[in-house]
Amino acid sequence: MSILIDKNTRVITQGITGEAGSYHTGACKEYGTKIVGGVSPGKGGTFLEDVPIFNTVREAVQKTGAEASMIYVPAPFAADAILEAAFTGVKVIVCITEGIPVLDMIRVKEKLKQIELNSGKVWLIGPNCPGIITPEECKIGIMPGSIHRRTSALRTKGQVGVVSRSGTLTYEAVWQLTQLEIGQTTVVGIGGDPILGSGFTEIVELFEKDPETEMVLLIGEIGGSQEEEAALYFKEHMTKPLISFIAGKTAPEGKRMGHAGAIIEGGSKETAQSKITFLKSMGVHIAPSPTEIGVTVQKVLKSR
Amino acid sequence: MKLEEFQAKELLARYQIPVPPNGGVLTQGEDISNALRRCGPAPWVIKAQVQTGGRGKAGGILLVKTPAQAREAVQSLLGKKLVTAQTGAEGILVRRVLVEKTVEIKRELYTSIAIDRKKGMPILIAIAKGGVEVEELAQSSPESIAKLEIDPMSGLETYQARSLLFTLGLYSTDSKLNQERIQFFKNCAQAFLNLDCSLLEINPLAVTSEDQLIALDAKIILDDNALFRHPELKIMESGGSALEQQAKRAGISYIALKGNIGCLVNGAGLAMATMDLIKQCGGDPANFLDVGGGANLAQVTKAFKIILSDKNVKTILVNIFGGIMKCDLVAEGIIAAVKEVNLTVPLVVRLEGNRAEEGLRLLTQSRLNIVSIKELKDAAQKAVELACGVPTPTFS
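Criteria and cut-off values
- Residues numbered from 1 in each chain as written.
- Chains lettered and ligands numbered in written order.
- Predicted model: local features only at pLDDT ≥ 70, side-chain atom pairs only at ≥ 80, totals over all residues.
- Helix = DSSP H or I, 4+ residues; strand = E, 2+ residues; numbered from the N terminus.
- Buried ≥ 20, exposed ≤ 12 C-beta atoms within 10 Å, placed from the backbone.
- Contact = placed C-beta atoms within 7 Å.
- Rg over C-alpha atoms; globule rule 2.2 N^0.38 Å.
- Arc of directions from axis to C-beta.
- Nonpolar A, V, L, I, M, F, W, Y, C, P; charged D, E, K, R; others polar.
- Right-handed = clockwise from strand over helix to strand, strands pointing away.
- Pairing = 2+ DSSP bridges.
- Axes fitted to C-alpha atoms, helices over the stretch in contact; angles between N-to-C directions.
- Expected span 1.5 Å × (residues − 1).
- Domains from an automatic or database assignment.
- Parallel < 35°, antiparallel > 145°, perpendicular 65-115°, else oblique.
- Core = buried A, V, L, I, M, F, W, Y, C linked by C-beta atoms within 7 Å.
- pLDDT = per-residue confidence, 0-100.

## Observations regarding the overall build of chain B
Per the secondary structure count, chain B includes 12 helices and 18 strands. Oriented by its inertia axes, the alpha-carbon framework of chain B measures out at about 80 × 50 × 40 Å. Looking at chain B as a whole, 45% of its 396 residues qualify as buried. Long-range contacts, defined as pairs at least 24 residues apart, comprise 67% of the intrachain contacts of chain B with a sequence gap of at least 6.

Shown next, in the form of structure tokens:
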């Protein structure tokens, strides 16, 4: 098992004719993802290799039965693309696009609430994220597939669910796991923006319910309070171990560290150190440095 | 994008939010008498336009009663380095001053609108006292802070604004006055939404002797991602160092720090983690630098140039995790960049991921003064060693 996506997930690409959209559609397909179509207004009826392109998400969903979408539409139009997918009934929407205005995302989230009232949960992942991958089954996003691994050498169970606000730091962590022969059930990059579709807690909850996931690795950073919320959930509801690394101990206050959401605004509460102290007090295992993420997970796995 | 006080006030005025009469901004050599005439009769206040808190305490706001005093105040402030609690010892250079007429006030309050990340909504905060430390107050007496969620589609509703008047003790027997005050808060919300602000703060918000609400000081931060919707606001850009702005134009995120190890990393999270690692190894990062996901030769060269403009840099650590990016292409970029900028400080390169072996081989073959190391921890330690000039103890 895995969370959100697996080998049967039928995926479309919104913004399939753009540079990033077409490149990554190819890369995902090569990895084994069931890419069943793409959307690019005005290009309906054409193909990207053998992938049919449609003018609207509605048409794409009707013709292909797609249930997931990955979005590469440029920032000024991305919020609209998310809404188009959500209103059409797409249940997993992965928005890779970086640079969407905060108020656009706030309005998107308000509208998603209305949609969810009528037709159930929509999983919006991102924006500004690397995407989701269930190793050896389905990759929706821009992460390099080859660094991932599904099974663990230690024992049949023993896979880790990974959730992160970052891109390359997640690759770093996943690569450490893979080198230690620790498999991953699903790796979710929730994105680096201040307003996100799905937060840490929601994804951690999915991992808690997934029978194949033995423990969860959460890679956080400065800014906001998502890490703390996930730690509270862990303390109150989780049976599986939670391991975490928090980036940004050296980040100065009030400066945006690359990610739109990586900024210490709420004073001392949003610093890496304060997050680490809180997570520890909730019983979360903390990787002491970015090069020791893998071994920290390994230690916890072996101690069980 | 952080705006200066005078820019923030100009925007507030466009939304019918009252601000004190002003004579404009002076930079150098302009005649002050025109500015004073535009303000109206004395007394006036001369305010340094710098993006830092605690200006008043640091002597950046001067009250003057005569044109001669005003002239002297302007001269003393322009070109001065203002040292406030927030700037550190090196201070911040005053390039512009705002000339304003003083306003007689009865009362000071506080209001601001910001994005509540947890709720995913814009939140209006108001406090019945002005000039307070909001964060401290949130700890000591949270009940004294009024909070209202603003609907991102329709703005602040009248009933919400009216409730604020009661909480803040602004409700009066004069219904016209109440209407005006309700409109004041509704206009603040409208300005926040229409301008795509991340923060709109009026502190102090004052009640004048004529019972009018007025923004005595204002701070606005605009959402950089939304600037495409506001091309007319782009020219207001003034925050950040020259280097930070140069980097921004090249699509690089760069933040100068105080250490001596320059960092060049792909990805923001990994860049932060690399800085943390340097610190853990006993060194000090000179900067945060995220060269971006699809960094090409031009960008790598630009990044090196930016790092090297910081004269404190003794060593550079490059940390690239090749996902989509191919490490051999990155290596080629590094080699070309090193030749172009004529690098004189030691360079430690760690490449991992997509075609890392090929990349490392290219670096070795280049015969340039580049130390290439596969393990991140070893690379960080080596960089610290080179920057300090002595081997450092290993951490565990």
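## Considerations on the overall build of chain A
Looking only at helices and strands, chain A has 9 helices and 14 strands in total. Its C-alpha atoms give chain A a radius of gyration of 19 Å, near enough to 19 Å, the size a compact globule of 304 residues would have. Its C-alpha atoms give chain A principal-axis dimensions of about 55 × 45 × 35 Å. Going through the 304 residues of chain A one by one, you find that 59% of them count as buried. In chain A, once contacts between residues fewer than 6 apart in sequence are set aside, the share between residues at least 24 apart is 73%.

## A short note on helix α2 (residues 32–39) of chain B
Residues and elements named next belong to chain B. Turning to α2, its buried residues number three or more, namely Ile-32, Ala-35, Leu-36 and Cys-39. Buried positions in α2, seen along its axis, are confined to an arc of 100° and lie on one side of it. When the buried face of α2 is taken as reference, the exposed residues oriented beyond 90 degrees from it are Ser-33 and Arg-37. The elements touched by buried residues of α2 are β1 (22–26), β2 (44–48), α3 (67–77) and β6 (97–101).

## Considerations on the interface of chain B and chain A
Tallying the contact residues gives 42 residues for chain B and 45 residues for chain A. Put simply, the parts of the chain that give the side of chain B that touches chain A at least two residues each are β13 (253–256), α8 (268–280), β15 (287–290), β17 (347–353) and α12 (376–388) of chain B. Broken down by element, the side of chain B that touches chain A gets its largest block of residues, 11 residues, from α8(B). Taken together, the residues of the side of chain B that touches chain A sort by class into 21 nonpolar, 11 polar and 10 charged.

## As for the pairing of strand β12 (residues 213–221) of chain A
If a strand is regular, its side chains alternate between the two faces of the sheet. Within β12(A), 9 of the 9 residues are buried, leaving the element largely enclosed by the surrounding structure. Each parallel crossover has a hand, and the one from β12(A) via helix α7 (residues 226–237) of chain A to strand β13 (residues 242–247) of chain A is right-handed.

## Quick look at the sheet that holds strand β5 (residues 68–71) of chain A
Where strands meet in a sheet, backbone hydrogen bonds hold them as pairs that are either parallel or antiparallel. All names here are of chain A. Reading across the sheet, the 7 strands line up as β3-β4-β2-β1-β5-β6-β7 and stay open at both edges, with mixed pairing between neighbours. This sheet does not close on itself; its edge strands, each paired only once, are β3 (47–48) and β7 (123–125). One ladder, built from 3 bridges, connects strand β6 (residues 92–95) with β7; its direction is parallel. When the sheet's bridge partners are listed, Ile-93 is paired in β7 with Leu-124. Against the sheet, helix α2 (residues 57–64) touches β1 (10–14), β2 (34–39), β4 (51–54) and β5, its axis set at about 150° to β2. Lying over the sheet, helix α3 (residues 75–87) contacts β1, β5, β6 and β7, oriented at roughly 170° with respect to β6.

## Some words on helix α10 (residues 327–341) of chain B
Residues and elements named next belong to chain B. For α10, built from 15 residues, the straight-helix expectation of 21 Å at 1.5 Å per residue is met to within 8% by its first-to-last C-alpha distance of 21 Å. Looking only at α10, the buried set comprises Cys-327, Val-330, Ala-331, Gly-333, Ile-334, Ile-335, Ala-337 and Val-338. Residues of α10 that are buried in the fold lie against α9 (297–308), β16 (315–322), β17, α11 (356–365) and β18 (370–372). Of the residues one or two after α10, Asn-342 is the one with positive phi, at around 55°.

## Describing the domain arrangement of chain A
A common measure of how large an interface is: the accessible area buried when the components associate. Residues and elements named next belong to chain A. Taken domain by domain, chain A comprises domain 1 (10–125) and domain 2 (143–302). Each side of the interface is counted separately: domain 1 has 9 residues, and domain 2 has 8 residues. With 4 residues, helix α4 (residues 102–119) is the single largest residue contributor to the side of domain 1 that touches domain 2. Residue classes in the side of domain 1 that touches domain 2 are distributed as 8 nonpolar, no polar and 1 charged.

## Focus on the pairing of β16(B)
Residue and element names in this part refer to chain B. Burial within β16 is extensive, with 8 of its 8 residues counted as buried. Across the two faces of β16 the burial is the same, with Thr-315, Leu-317, Asn-319 and Phe-321 and Ile-316, Val-318, Ile-320 and Gly-322 all buried. Pairing of strand β14 (residues 261–265) with β16, which is carried by 5 bridges, proceeds in the parallel orientation. Residue pairing across strands places Leu-264 opposite Val-318, the latter belonging to β16. By the bridge criterion, 7 bridges tie β16 to β17 in an arrangement that is parallel. If you follow Ile-320 over to β17, its bridge partner there is Leu-351. With respect to chirality, the unit in which β16 leads through α10 into the neighbouring parallel β17 is right-handed.

## Here we look at the sheet that holds β12(A)
Residue and element names in this part refer to chain A. Taken in spatial order, the 7 strands of this open sheet run β9-β8-β11-β10-β12-β13-β14, and their pairing is mixed. Among the strands making up the open sheet, the edge pair consists of β9 (138–141) and β14 (285–286). On top of the sheet, helix α9 (residues 293–302) reaches β10 (159–164), β12, β13 and β14; it is set at about 165° to β13, its chief contact.

## Observations regarding unusual backbone geometry
With omega at 10°, the peptide bond leading from A:Gly126 into A:Pro127 counts as cis. Between B:Ala42 and the following residue, B:Pro43, the backbone shows a cis peptide bond with an omega angle of 0°. The residue B:Pro43 is located in the loop between α2 and β2 in this model. With phi around 65°, A:Glu136 is a residue other than glycine that occupies positive phi space. The topology assignment puts A:Glu136 in the loop between β8 (131–134) and β9. Despite not being glycine, B:Arg355 has its phi angle at roughly 60°, a positive value. The residue B:Arg355 is located in the loop between β17 and α11 in this model.

## Describing the packing of α7(A) against helix α8 (residues 272–281) of chain A
Between two packed helices, the angle of one axis relative to the other and the distance separating the axes together describe the packing. Residue and element names in this part refer to chain A. Contact pair α7 / α8: the axes reach a minimum separation of 9 Å and the direction vectors enclose 0°. In this view, α7 runs roughly parallel relative to α8, as classed from their interaxial angle. Residues Glu-227, Glu-228 and Ala-231 of α7 pack against Lys-275, Phe-278 and Leu-279 of α8. Here the contact of α7 with α8 is built from residues that sort into 3 nonpolar, no polar and 3 charged.

## Concerning the nonpolar core
Core analysis: the largest hydrophobic core is formed by 202 residues, its most contacted members being A:Ile71, A:Ile82, A:Ile93 and B:Leu289. Excluding residues that lie within four positions of it along the chain, B:Leu289 makes contacts with B:Ile252, B:Ser253, B:Tyr254, B:Cys263, B:Leu264, B:Val265, B:Ala271, B:Ala303 and B:Ile307. Residues B:Phe6, B:Leu26, B:Trp44 and B:Val50 belong to the second largest nonpolar core, which totals 21 residues.

## Observations concerning the packing of α3(A) against α4(A)
All names here are of chain A. Look at α3 against α4: their axes get within 10 Å of each other, and the N-to-C directions meet at 5°. Viewed along their axes, α3 and α4 adopt a mutual orientation that is roughly parallel. Residues Ala-79, Ile-82, Leu-83, Ala-86 and Phe-87 of α3 lie in contact with α4, whose contacting residues are Asp-104, Met-105, Arg-107, Val-108, Lys-111, Leu-112 and Ile-115. Here the residues of the contact of α3 with α4 are counted per class, giving 9 nonpolar, no polar and 3 charged.

## Quick look at the confidence of the model for chain B
For chain B, per-residue confidence averages 89 on the pLDDT scale, and residues scoring 70 or more make up 96% of the total. Reported confidences for the modelled complex are a pTM of 0.90 and an ipTM of 0.90.

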